Amino acid sequence: MSELITVNPKEKQKGFFSENLLINRLPLDHKSTFEKIKKIKITENDYIIKKYVLAYESYFKNKNNNEIIPGDIDRIELEKLEGENLKRYLEYRYKYKIYPNEKILEDYPPCVQVEPTSVCNYRCVMCYQKDRTFSKKSSGHMGNMKLELFKKIVDELEGNVEAITLASRGEPMLNLEIIDMLNYCSNKFLALKMNTNGSMLNEKKIHKILSSNLNTIVFSVDSADKENYEKIRVNGNFEKVYSNIKLFSEIKNKHYSDSDIIIRISGVKINNIQNIDSMKDQWQEYADILAFTNYTPWQSSYENEINKISSPCSELWRRMFLWWDGKINPCDFDYKTVLKTGDFDIKKSHNIKKAWNSEIYNNLRTKHLENSRKKVNPCNKCIMI
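Residues numbered from 1 in each chain as written. Predicted model: local features only at pLDDT ≥ 70, side-chain atom pairs only at ≥ 80, totals over all residues. Heavy atoms only, no water.

Q: How should the overall build of the protein be read in this particular structure?
A: Each helix and strand counted, the protein has 13 helices and ten strands in total. Scaling as 2.2 N^0.38, a compact globule of 385 residues should have a C-alpha radius of gyration of about 21 Å, and the protein matches this with 20 Å. Taking all 385 residues of the protein together, 56% fall into the buried category. The long-range share in the protein, meaning contacts at least 24 apart out of those at least 6 apart in sequence, stands at 74%. Entry remark: accessible area of the protein is about 17700 Å², with carbon and sulfur atoms responsible for 47%. A gap of 3 Å separates the mean positions of the 61 positive and 52 negative side-chain charges of the protein. (Helix = DSSP H or I, 4+ residues; strand = E, 2+ residues; numbered from the N terminus. Rg over C-alpha atoms; globule rule 2.2 N^0.38 Å. Buried < 20%, exposed > 50% of the residue type's maximum accessible area, 1.4 Å probe, protein only. Contact = heavy atoms within 4.5 Å. Areas by Shrake-Rupley, 256 points an atom, 1.4 Å probe, with all protein chains shown as cover. Lys, Arg positive; Asp, Glu negative; His and termini not counted. Charge placed at Lys NZ, Arg CZ, Asp CG, Glu CD.)

What follows is the structure, encoded as structure tokens:
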């Protein structure tokens, strides 16, 4: 393990700790959000929207802030949504947050991560790209998703899943067809996100991204200064990334002032040198959200000590991963696809639906539910709960 990694978490939950999150874009207030929700035409089958109404009524009466109440980031994302789109968004967020707790399974996962490429130009100290048995070309793990496969995936997801993230094991901008992929997603999802290290941007690509229907772009930056950034993001150039993010912000403000895209600068919290205050000083004017995600020891997934976590992994009810070559996997902690749960066959239909509800996926869930996680590799070495 790198000497830069000094934290040693025993468990990891989704989301951000408050001390590692700074929101620069004023979210819609709760009262206005509730007024928007009350305008939705609710039918007898809209039980999720009814739960929001009840939760907000309780919130305003008793100040009971349960997990159904939209958080700050949720309220930024839903600000411009009305009617049916607002209902779709609220249903997605409910499923994303609540279904993993209640172990509810529907035809499709609440969120799908689609990997445009597994190739990366960085070798970050906390990332599996450091593992040469994974990242060398002869490993068989490296490649770029073809546009034809991507379109087939999107065709199935449209109308069934709202949250699509273009990212996983590699740097999405290294796929030469990434702009075509973004354009193909246009107006099909309410929570389309892309993660990037920002190194491959230029003026032309920035215009293309801002002209697309991307809802959130996440720039992966772990430090406010050159020295620590380049120690963590090996092969990265701090000045280049800073210049690219600054240019992205300037082009957005000058040419796309009406754009609702959310800009997030987000790093991985691997030591106590990193802090949100220094990130604020360096990056605040270029981002709506600054954050550090909680560290998971991805760089050594298969060598970590077996831990004592017995609770089921929430990702098994929240998210699915689709690799560049069509392999379907339950997580990216398992970056070598030991747990492979299916393949996307462009000649067949309902690939994602079938995989999500398949015997192999459900057997994995059952093992987690029956306190047998410690017998599953590499789940027994992962700290996600």
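Q: How should I be thinking about the side chain of Gln274 in this particular structure?
A: Within the secondary structure, Gln274 is located in the loop between β6 (262-269) and α11 (276-283). With relative accessibility at 6%, the residue Gln274 sits in the buried group. In this structure the side chain of Gln274 is engaged in a polar contact, spanning 3.0 Å, whose partner is the backbone oxygen of Asp222. A polar contact of 2.7 Å, which involves the side chain of Gln274, links it to the backbone nitrogen of Ile270. Contact partners of Gln274, with chain neighbours within four places excluded, come to Asp222, Ile232, Val268, Lys269 and Phe292. (Polar contact = N/O pair within 3.5 Å; in protein donor to acceptor, adjacent residues only side chain to side chain.)

Q: Even after reading the chapter, I still don't get the sheet that holds strand β1 (residues 21-23), so can you show me in this structure?
A: Across a sheet, strands are paired by hydrogen bonds formed along the backbone, either parallel or antiparallel in direction. Reading across from one edge, β1-β7-β6-β5-β4-β3-β2-β8-β9-β10 is the order of the ten strands in this open sheet, with mixed pairing throughout. The open sheet has two free edges, formed respectively by β1 and β10 (342-343), since each of these has just one partner strand. Against the sheet, helix α6 (residues 147-157) contacts β2 (111-114), β3 (163-166) and β8 (319-322), and its axis sits at roughly 175° relative to β2. (Pairing = 2+ DSSP bridges. Axes fitted to C-alpha atoms, helices over the stretch in contact; angles between N-to-C directions.)

Q: Please explain the side chain of Asn380 as it appears in this structure.
A: With respect to the element layout, Asn380 can be found in the segment after α13 (359-369). With a relative accessible area of 6%, Asn380 lands in the buried category. Non-local contacts of Asn380, meaning those with residues more than four positions away in its chain, are made with Glu305, Ile306, Asn307, Arg373 and Lys374.

Q: Would you mind showing me how to read the packing of helix α2 (residues 47-62) against helix α4 (residues 83-102) here?
A: The relative placement of two packed helices comes down to the angle between their axes together with the axis-to-axis distance. At their nearest, the axes of α2 and α4 sit 9 Å apart, and the two run at 80° to each other. By the angle class used here, α2 and α4 are roughly perpendicular. From α2, Tyr47, Ile48, Ile49, Lys51 and Tyr52 reach across to α4, where they touch Lys87, Leu90, Glu91, Arg93, Tyr94, Lys95 and Tyr99. Broken down by class, the residue content of the contact of α2 with α4 amounts to seven nonpolar, no polar and five charged. (Parallel < 35°, antiparallel > 145°, perpendicular 65-115°, else oblique. Nonpolar A, V, L, I, M, F, W, Y, C, P; charged D, E, K, R; others polar.)

Q: So what exactly am I meant to see when it comes to the nonpolar core here?
A: Soluble globular proteins: nonpolar side chains tend toward being buried together. Core analysis: the largest hydrophobic core is formed by 88 residues, its most contacted members being Ile209 and Phe248. With six residues, α6 is the largest single contributor of residues to this core. Every residue in contact with Ile209, bar those within four places of it in the chain, is listed here: Met173, Ile179, Leu182, Met194, Leu201, Leu214, Ile217 and Phe248. Core analysis: the next-biggest nonpolar cluster, separate from the first, contains 27 residues, Ile49, Val53, Tyr59 and Tyr99 among them. (Core = buried A, V, L, I, M, F, W, Y, C linked by side-chain atoms within 4.5 Å.)

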